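For reference, the chains in residue letters:
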Amino acid sequence: MHRTVGIGIRGVPLFTRADLLARDVTPTELSRAAAGGVFLRLQAGVYVERAAYLALRPVEQHRLAVCAAMEQTRGGSAVVSHLSASVLHDLPQYRFRDRPVDVTVAADVGATSRRGLRRHLDAIDTGDLTTVAGIACTTLDRTVFDVMRTMPLEVAVTCADAALRREAVVGRRFDPHAQEDWRERMRERAARKAGARGIRRARWVIEFADGRAELPGESVSRVQLFRLGFVEFDLQVAVPGPRGADYFVDIALPEARTFWEFDGEVKYRDPSLRGDRSIEQVLLDEKKREDWIRGRTQWRVCRGGFSDIATPEVLAARLEAFGVAPMRGGPVAPPPR
């Protein structure tokens, strides 16, 4: 029988080869899996209906691929790790695209990677193991640490910010002590891996991460702003509003007396976020809010979306359109991986 996959994939089922043959799917049909047939092979001997799979978002497709990989390696010692584990832990992703499933196995196993599966050879302490929806994977701390060491900076900071937010922010209340506790745990973890690949990068991300970042766009904005020479950041800054309630601004740049607002499209396009307001009303409300913030603080308000933070150069051009120049003599670039 097929195995219906849960963990947020909207009931899309996986099938083994034996499942499909028992349903009178012919071997010839299965051989077409790589060439546009009804079924798509995710791992050796594990299939999904192509149309259902393609209807999923990339992160959901990867979650399904993780389930397929663990079905294929059932009974083995591999555990889901790195970016694949971050997907299981529901950490937000930046520019997520199709990629092999990450698993970690003990170094003495000697297994090699193959199509659709990337094996990392490393020791995993029992304290770094957990399960999510019945799938063995690395804990959140270990997952974020591995992502910090191995992934591009934008991805690493996005995951670290989101994991830290779970510990340091409740509603609008930010707990700096909880943030420092998280940093100390991660510093100790980095110290135990001194000399390993990516440790310099991980240490930098540990200090740069900030749980006040609410969205991947805010995390990536901060990375690009740092690359442009900005070193002082304040996040989710409260500006007293006209009726006693505060307006919150994503990122303050005190060196330039400038606020940066990440302007994702979702708040305009998603009806659940607009409430009963039209897109036109949302835009009008945003303009009134921005005018008030500018008038109250006498700071610039600059805003942009994902296309404006793709590279430091693109963001620099966006800032210059608002009269904000990159900081000269800024910091050295973050450590390479």
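Below is a short write-up of the structure.

Reading the values: the criteria
- Residues numbered from 1 in each chain as written.
- Predicted model: local features only at pLDDT ≥ 70, side-chain atom pairs only at ≥ 80, totals over all residues.
- Heavy atoms only, no water.
- Buried < 20%, exposed > 50% of the residue type's maximum accessible area, 1.4 Å probe, protein only.
- Helix = DSSP H or I, 4+ residues; strand = E, 2+ residues; numbered from the N terminus.
- Core = buried A, V, L, I, M, F, W, Y, C linked by side-chain atoms within 4.5 Å.
- Contact = heavy atoms within 4.5 Å.
- Polar contact = N/O pair within 3.5 Å; in protein donor to acceptor, adjacent residues only side chain to side chain.
- Axes fitted to C-alpha atoms, helices over the stretch in contact; angles between N-to-C directions.
- Parallel < 35°, antiparallel > 145°, perpendicular 65-115°, else oblique.
- Left-handed = near helix turned anticlockwise from the far one by under 90°.
- Nonpolar A, V, L, I, M, F, W, Y, C, P; charged D, E, K, R; others polar.
- Salt bridge = Lys/Arg side-chain N within 4 Å of Asp/Glu carboxyl O.

1. Observations regarding unusual backbone geometry
Thought 1: At Asp-24, a residue that is not glycine, the phi angle is positive and equals roughly 70°.
Thought 2: Relative accessible area serves as the criterion here: at 67%, Asp-24 is assigned to the exposed category.
Thought 3: The backbone phi angle of Arg-257 is positive, close to 45°, even though this residue is not glycine.
Thought 4: Here Arg-257 is to be found in the loop between strand S13 (246-253) and strand S14 (258-262).
Thought 5: Looking at Arg-257, the relative accessible area reads 44%, which means it is partly exposed.

2. Structural notes on the nonpolar core
Thought 1: Among the nonpolar cores identified, the biggest contains 53 residues, and Met-148, Leu-225, Phe-230, Phe-233, Trp-260 and Leu-319 are the most heavily contacted of them.
Thought 2: Looking at this core, the element that brings in the most residues is helix H7 (residues 153-168), giving ten residues.
Thought 3: Not counting residues within four places of it along the chain, the set of residues in contact with Phe-233 comprises Phe-208, Arg-212, Arg-222, Leu-225, Phe-226, Ile-251, Ala-252 and Leu-253.
Thought 4: Among the nonpolar cores identified, the runner-up in size contains 26 residues, and Leu-14, Val-101, Val-105 and Leu-117 belong to it.

3. Considerations on the side chain of Asp-210
Thought 1: With respect to the helices and strands, the residue Asp-210 is situated in the loop between helix H9 (199-208) and helix H10 (216-227).
Thought 2: Asp-210 gets classed as buried once you look at its relative accessible area, which sits at 8%.
Thought 3: In terms of polar contacts, Asp-210 uses its side chain to reach the side chain of Arg-212, at 2.8 Å.
Thought 4: When near neighbours in sequence (up to four residues on either side) are disregarded, Asp-210 contacts Asp-161, Leu-164, Gln-179, Arg-222 and Leu-235.

4. A word on the packing of H7 against H9
Thought 1: The N-to-C vectors of H7 and H9 enclose an angle of 45°; their axes lie 10 Å apart at closest approach. Taken together, the axis directions place H7 and H9 in an arrangement best described as oblique. The handedness of the crossing between H7 and H9 comes out as right-handed. Where H7 abuts H9, its residues Leu-153, Ala-156, Val-157 and Ala-160 lie against Arg-201, Trp-204, Val-205 and Phe-208.
Thought 2: Looking at the contact of H7 with H9 residue by residue, the classes come out as seven nonpolar, no polar and one charged.

5. Structural notes on the pattern of salt bridges
Thought 1: All chains considered together, the criterion is met by 30 salt bridges.
Thought 2: With a closest N to O distance of 3.9 Å, Glu-60 and Arg-57 form a salt bridge.
Thought 3: Glu-290 serves as the salt-bridge partner of Arg-294, at 2.5 Å between the closest nitrogen and oxygen. Taken together, the positions of Arg-294 and Glu-290, both in helix H13 (residues 279-297) and four residues apart, correspond to about one turn of that helix.
Thought 4: Through salt bridges with shared partners, a single ionic network connects Glu-261, Asp-263, Glu-286, Lys-287, Arg-289, Glu-290, Asp-291, Arg-294 and Arg-303.

6. So, the environment of Arg-185
Thought 1: Mapped onto the secondary structure, Arg-185 falls in helix H8 (residues 176-192).
Thought 2: Considered as a pair, Arg-185 and Asp-141 are 44 residues apart in the sequence and their alpha carbons are 8.6 Å apart.
Thought 3: Among all residues touching Arg-185, those that are not within four sequence positions of it are Asp-141 and Glu-167.
Thought 4: At a separation of 2.8 Å, a polar atom in the side chain of Arg-185 contacts the side chain of Asp-141.

Interpretation note: all reported values are geometric properties and have no functional meaning in isolation.
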